[in-house]
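Structural characterization, general
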Amino acid sequence: MGRDLCYAGVVRPKIRPGAEVSLLPKSARSVVVEVVRRVQVAGGVFAPGHLGELTQVVPFELVDAVLEETGTTERRLRSLPSRVGVYFMLALGLFEQMGAALVWQKLVAGLAGLPVPAPSEKALRDLRRRIGAAPLKALFEVLAVPLARPSTPGVRYRRWRTVAFDGCASLRVPDREANRGWFGRLKARFGVAGYPSLMLMTLAETGTRGLLGAIFGPSATGERAYAMRLAPLLGPDMLLLADRGLDGNDLLEAVTQTGAQFLVRGRTDRRPPVLARLRDGSYLTRIAGLKLRAIEADITVTGADGTVVTSTYRLLTTLTDPHTDPAATLVALYHERWEIESAYYALRHTLLHGRVLRSKDPAGIEQEMWALLALYQALRHAMVTAVESMPGTDPDRASFTTALAAARDTVTAAAGVLPTPDTGRITTAVLTSLLPPRRPRFSARTVKSGISRYHTWNGGNRPLASTNITNIAIIIIGQGAPAQPHDDDTPATYPPGPTIVLAIMQATPEHSWRARDLARTLGISGKKPLDAFCTRMAKWASQGLLTKTGPATYKISSRTLTDQQDP
C-alpha cells in the first residue's frame, strides 16, 4: 500500500558574518517549506517489515515463501509477524553497532504517521526465538547463486566461471559457557584467547565476490572437512581456485566428480611424479588416480620501495593442454583466489566493524550468521546490478562501503521498498563512487594482535606498509627442457625409467613399496604394462638401485640415497 507523508518545517537562510541583514526582506528570513513524500510499504502490522531498496532483492513474497517452507509463519497475526522478524534480523546485521531497540527505530524512522508498534527488548528477543535460524538459512540458500552475466568483465576464464574455496577463522562469538561448549576456546601464543572462534567456510564467485554457498562451525573441524561439504555446489561450468591445505586427495576427487575444473596450490611436501615434461615447463602427473598437470614457478615481485620478494609455487590443475592453457597464464590466474579474502574483509570489517557477534548462545549465533550472510549476498546482488547497468565495468570497482551506506539510508527513509521510477539510490551511489582500476600492491601479512602468531611474522621480508608493485616476473621451472611426447590415455614413459621411480621412493626412504602399488601410483594399468614394470623393478634391485624386502616389494637402497645426496 502507499501513504503520503507531509513534513512542514522552517528553513532559515545562512548569513555570512558581517553581511547586512537589513538588506534582506523580512519574507526571506523565515520560509515555510512543505515536503510531500510518498512511501510505499506493506499494510498494517507488516509495515516495519522492509529493508529499504534491498527489499527489491529480498521481496515480501520470497520471505513469506521461506517462512512457509520452514514452518515458521505465525499462527495468529499479532503486532510482530514473522515476516517483520526476518527483516528485523537482516537489519540487525545492517546496523551491527546498535542494540535491538535502536535498530527497530531505524526500521520505523521513515514511517512517521503510521500506527507502528513500539516493542520492548524482550519482545524483540522473543520474536527472534520464535523465528529461529531455519528461514534465514533458507533465504541465504535462495540468494546464493552466481550473480554476474557471462559477459561481465573479470568473471570467467575461457568458458569457466572462476570460483574459490577458503575459510575465515577470525570471527569471534561472546565468551559464554554455551558458546564455549560448541566452539571451544582458541589457543593463542600466550594462552587461551578471550573469545571463542567461529570458522566460516565459503564458496565464492571471484569476479563479484558473491557467495555460492557457506558453512560454519567450530574451528577444530578444519577447512578441508567443511570444503568437502561444499564441493557438491560446484558444476561443470566452474573453475575452482584453492590454496594449499585444500589439495587433499579426497577433496580433489570430490571436485573432479562434479565435473568442475580446478587450479589448486599444492603443499611443499608433495612430490608428484613427473610422467611427461611439456613444452612450457609444466609436466603431467598422476595423483589419487587423477591425470593432472603440475606447474612449478618462481614468482619475483618488485616493489616501488625497491623490495624484492621471491616465492615458489606448485600448482595442480586438471587443465592439461599447454596450448590452450599456458603455464604462465594459469600462474597469473591463480592470483584471483585472493578475491575471496576481500569478501571476508567486507563481511568481517565493513559489516561487523571487527565486533564480536551479538548472540549469547549457539542458536542465536546460527541465526545471526545466516542473517549476516543473506544480507551480504543481497548487497552484492545490488552492486552487481549497478555495475552491469554500465557495460564494460568490472565488478571490482564497486565499493562495498558505498553500497552499505546507501542501503542504510534507504532503510531509515523507507525508500525504494517497492519498485518506483525514483528508486535506484544504491545504483546511483555505486556508479558515482566507482573505485579506480586495481593497483597491484603487497605488504607483510601481520595483524594487530599481540597473542597472534602473525603479530611479528613476516615471511619473505615484505614491506610493513602497503607498497605498489612495479614488476612481477614469472619463471616457469623446467621451461626450456626438451618436451617428451605423450599420449592422452597412457603415461609418457611405458614403463617409466628409474629416475621417476627413485624420486618417488626417495621421499619416504624407509617405506617398502609393492611393485603393483607403485605402478598404481604412476597410473600404470593392464597386465602387460604391470608385468613389464615388475620386471624392471627386479632388474633395478639386481643393479643395486633398490633393496628387495619381500616378494615383489622394494625400498630405495642406502647406496642410491648416498649417491643422490652427494653433490
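Residues numbered from 1 in each chain as written. Predicted model: local features only at pLDDT ≥ 70, side-chain atom pairs only at ≥ 80, totals over all residues. Heavy atoms only, no water.

**Notes on unusual backbone geometry**
Of note in this structure, A414 is not a glycine but carries a positive phi near 50°. With respect to the secondary-structure elements, A414 resides in the loop between α12 (400-412) and α13 (425-432). The phi angle at A552 is positive, at roughly 55°, despite the residue not being glycine. Residue placement: A552 occurs in the loop between β18 (546-550) and β19 (553-556). (Helix = DSSP H or I, 4+ residues; strand = E, 2+ residues; numbered from the N terminus.)

**Quick notes on the confidence of the model for the protein chain**
Mean pLDDT over the protein chain: 83, with 84% of residues reaching 70 or higher. Every residue in residues 485-494 is under pLDDT 50, and counting partners more than four places away or in other chains gives 19 contacts. (pLDDT = per-residue confidence, 0-100. Contact = heavy atoms within 4.5 Å.)

**Examining the environment of E68**
Structurally, E68 can be placed in helix α1 (residues 60-70). Residues E68 and P135, 67 residues apart in the sequence, show an inter-C-alpha distance of 8.7 Å.

**Some remarks on the nonpolar core**
If you look at the biggest cluster of nonpolar residues, it comprises 87 residues, and the most contacted ones within it are L51, V58, L90, L198, L200, M369 and L373. Broken down by element, this core gets its largest block of residues, 15 residues, from helix α11 (residues 362-388). Once residues lying within four places of it in the same chain are set aside, the contact partners of M369 are L171, L198, L200, F216 and L357. Residues L203, L212, I215 and A294 belong to the second largest nonpolar core, which totals 27 residues. (Core = buried A, V, L, I, M, F, W, Y, C linked by side-chain atoms within 4.5 Å. Buried < 20%, exposed > 50% of the residue type's maximum accessible area, 1.4 Å probe, protein only.)

**Quick look at the pairing of strand β9 (residues 238-242)**
Within β9, 5 of the 5 residues are buried, which leaves the element mostly enclosed by the surrounding structure. Neither face of β9 is open: one carries M238, L240 and A242, the other L239 and L241, and all of them are buried. When β9 meets strand β10 (residues 261-265), the two strands line up parallel, connected through 4 bridges. Residue pairing for β10: L240 is matched across the bridge by F262. Assessed by its sense of winding, the connection that carries the chain from β9 through helix α8 (residues 249-257) to β10 is right-handed. (Pairing = 2+ DSSP bridges. Right-handed = clockwise from strand over helix to strand, strands pointing away.)

**With respect to the sheet that holds β19**
Pairing in this open sheet of 3 strands is antiparallel, and the strands run β17-β19-β18 from one edge to the other. Unpaired on one side and paired on the other, β17 (513-514) and β18 mark the two borders of the sheet. Across 4 bridges, the pairing between β18 and β19 is antiparallel. Residue pairing for β19: T547 is matched across the bridge by K555. The sheet contacts of helix α14 (residues 498-507) involve β17, β18 and β19, and relative to β19 the element is tilted by about 80°. (Axes fitted to C-alpha atoms, helices over the stretch in contact; angles between N-to-C directions.)

**Structural notes on the environment of L284**
Summarising the element assignment, L284 is placed in strand β12 (residues 283-287). Here the alpha-carbon distance between L284 and D321, two residues 37 residues apart in the chain, equals 9.7 Å.

**Brief notes about the pattern of salt bridges**
If you walk through the whole model with that rule in mind, you get 18 salt bridges. A salt bridge links D166 to R337; the shortest N-O distance between them is 3.2 Å. Note that D166 is positioned in strand β4 (residues 160-172) and R337 in the loop between α9 (327-334) and α10 (339-351), a separation of 171 residues in sequence. Considered together, D166 and R337 belong to a single accessibility category, that of buried residues. Shared partners join several salt bridges into a network, and the residues in it are R209, E339, D396 and R438. (Salt bridge = Lys/Arg side-chain N within 4 Å of Asp/Glu carboxyl O.)

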